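# Close look at the chain arrangement
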Amino acid sequence: MGLAEKRQIKFIEESVFPEIKNKLNDKLGKEIEISINWDSFKTVQQLQEVEHQCLGRITEGIERIASDDMGKEALQESLATIQVNNIEDAATKKITLADNVLTVDAKWEDFSNGIFTPGDYSEVIENLL
């Protein structure tokens, strides 16, 4: 991992994480941890998608579910950590929720096949609650 990638990671950790965590904490009324498998990201371009295509869309999907008390309570009981991985093959992308960990495996720079929409997140997560 080069200097440019390390700088992008530092930006995400210092600027993006606090904003996303605040949004989620406000919406859910509980602290949510965010864990990114940095080693799975190889380029700055991939890392640049973490803010909007990744965490932004996950947050939007969660906010849709938490729009009523029932959804909010289900998420409070079932979600403690968001784990993000970058994958090589878009065909293997997936969203899972187990042991209070929402895991998202996606190919973040592949906009046509490798990522999920906010609607995908809300639908899949809601079905797993």
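To start, this report covers the structure provided alongside it. In every chain, residue numbers begin from 1 and rise along the written sequence. Given that the model is predicted, a residue must reach a pLDDT of at least 70 before its local features are reported, and side-chain atom pairs must reach 80 or more before they are shown or counted; all residues, however, enter totals for whole chains, interfaces and linings. No hydrogens and no water enter the side-chain calculation; it runs on all heavy atoms of the structure.

### Focus on the pairing of strand β4 (residues 101-106)
Regular strands place their side chains on alternate faces of the sheet. Counted only if it meets this: Residue exposure (1.4 Å probe, protein chains only): buried if accessible area is under 20% of the type maximum, exposed if over 50%, otherwise partly exposed. Under the DSSP-based scheme used, a helix requires at least four consecutive residues in state H or I and a strand at least two consecutive residues in state E, with every element numbered from the N terminus. Two strands qualify as a pair provided that DSSP identifies no fewer than 2 bridges between them.
The element β4 is largely enclosed, with a buried count of five among its six residues. Note that strand β2 (residues 81-86) and β4 share six bridges and pair parallel. Opposite Gln83, over in β4, you have Thr103 as the bridge partner. When strand β3 (residues 94-98) meets β4, the two strands line up antiparallel, connected through five bridges. When the sheet's bridge partners are listed, Ala98 is paired in β4 with Val101. Between the end of β3 and the start of β4, which pair antiparallel, lie two residues, with Asp99 showing a positive phi angle near 55°.

### Concerning the environment of Leu28
Note the threshold: We call two residues contacting when some pair of their heavy atoms lies within 4.5 Å.
Examined against the element boundaries, Leu28 turns out to sit in helix α1 (residues 3-28). Look at Leu28 and you get buried, because its relative accessible area is 0%. Each C-alpha atom of the pair Leu28 and Ile58 lies 14 Å from the other, and the pair is 30 residues apart in sequence. Discounting residues that sit within four places of it in the chain, Leu28 has contacts with Ile62, Ala66, Lys72, Leu75, Gln76 and Leu79.

### Remarks on the nonpolar core
Using the following cut-off: Note on terminology: a nonpolar core comprises buried Ala, Val, Leu, Ile, Met, Phe, Trp, Tyr and Cys residues joined through side-chain atoms within 4.5 Å.
Judged by nonpolar contacts, the single largest core of 34 residues is most densely connected at Leu55, Ile58, Ile62 and Leu102. When contributions to this core are tallied by element, the ones reaching two or more residues are α1, β1 (33-36), α3 (50-65), β2, β3, β4 and α5 (118-128). In terms of residue count, α1 provides more of this core than any other element does, seven residues in total.

### Notes on α5
Cut-off, in case you're wondering: Picture the helix axis, draw a direction to every C-beta atom, and the arc is the one those directions span.
All of the buried residues along α5 are Pro118, Tyr121, Ser122 and Ile125. Projected onto a plane normal to the axis of α5, the buried residues spread over an arc of 95° and lie on a single side. Seen from the open side of α5, the exposed residues pointing more than 90 degrees away from its buried face are Glu123 and Asn127. The elements touched by buried residues of α5 are α3, α4 (69-78), β3 and β4.

### Some points on the packing of α3 against α5
A pair of packed helices is characterised by two quantities: the angle between their axes and the separation of those axes. For clarity, the cut-off: Angles here are taken between N-to-C directions and fall from 0 to 180 degrees, while the axes themselves are lines fitted to C-alpha atoms, restricted in helices to the stretch in contact. For this classification, under 35 degrees means roughly parallel, over 145 means roughly antiparallel, 65 to 115 means roughly perpendicular, and everything else is oblique. Note on convention: the crossing is left-handed when the near helix lies turned anticlockwise from the far helix by less than a right angle, right-handed when the turn is clockwise. Residue polarity follows a fixed list, in which Ala, Val, Leu, Ile, Met, Phe, Trp, Tyr, Cys and Pro are nonpolar, Asp, Glu, Lys and Arg are charged, and the others, Gly among them, are polar.
Taken N-terminus to C-terminus, the directions of α3 and α5 make an angle of 50°; their axes are 7 Å apart at the nearest point. By the angle between their directions, the pair α3 and α5 is classed as oblique. As for the relative orientation of α3 and α5, their crossing is right-handed in sense. On the side of α3, the interface is formed by Arg57, Ile58, Glu60, Gly61, Ile62, Arg64 and Ile65, while α5 contributes Pro118, Gly119, Tyr121, Ser122, Ile125 and Glu126. Partitioning the contact of α3 with α5 into residue classes produces six nonpolar, three polar and four charged.

### Re the sheet that holds β1
The strands making up a sheet associate through backbone hydrogen bonding, with each pair oriented either parallel or antiparallel. Strand order in the open sheet formed by four strands is β1-β2-β4-β3, with mixed pairing between adjacent strands. The sheet is open, and its two edges are formed by β1 and β3, each paired on a single side. Averaged over all adjacent pairs, the angle separating strand axes in this sheet is 15°, with direction ignored. On top of the sheet, α1 reaches β1 and β2; it is set at about 140° to β1, its chief contact.

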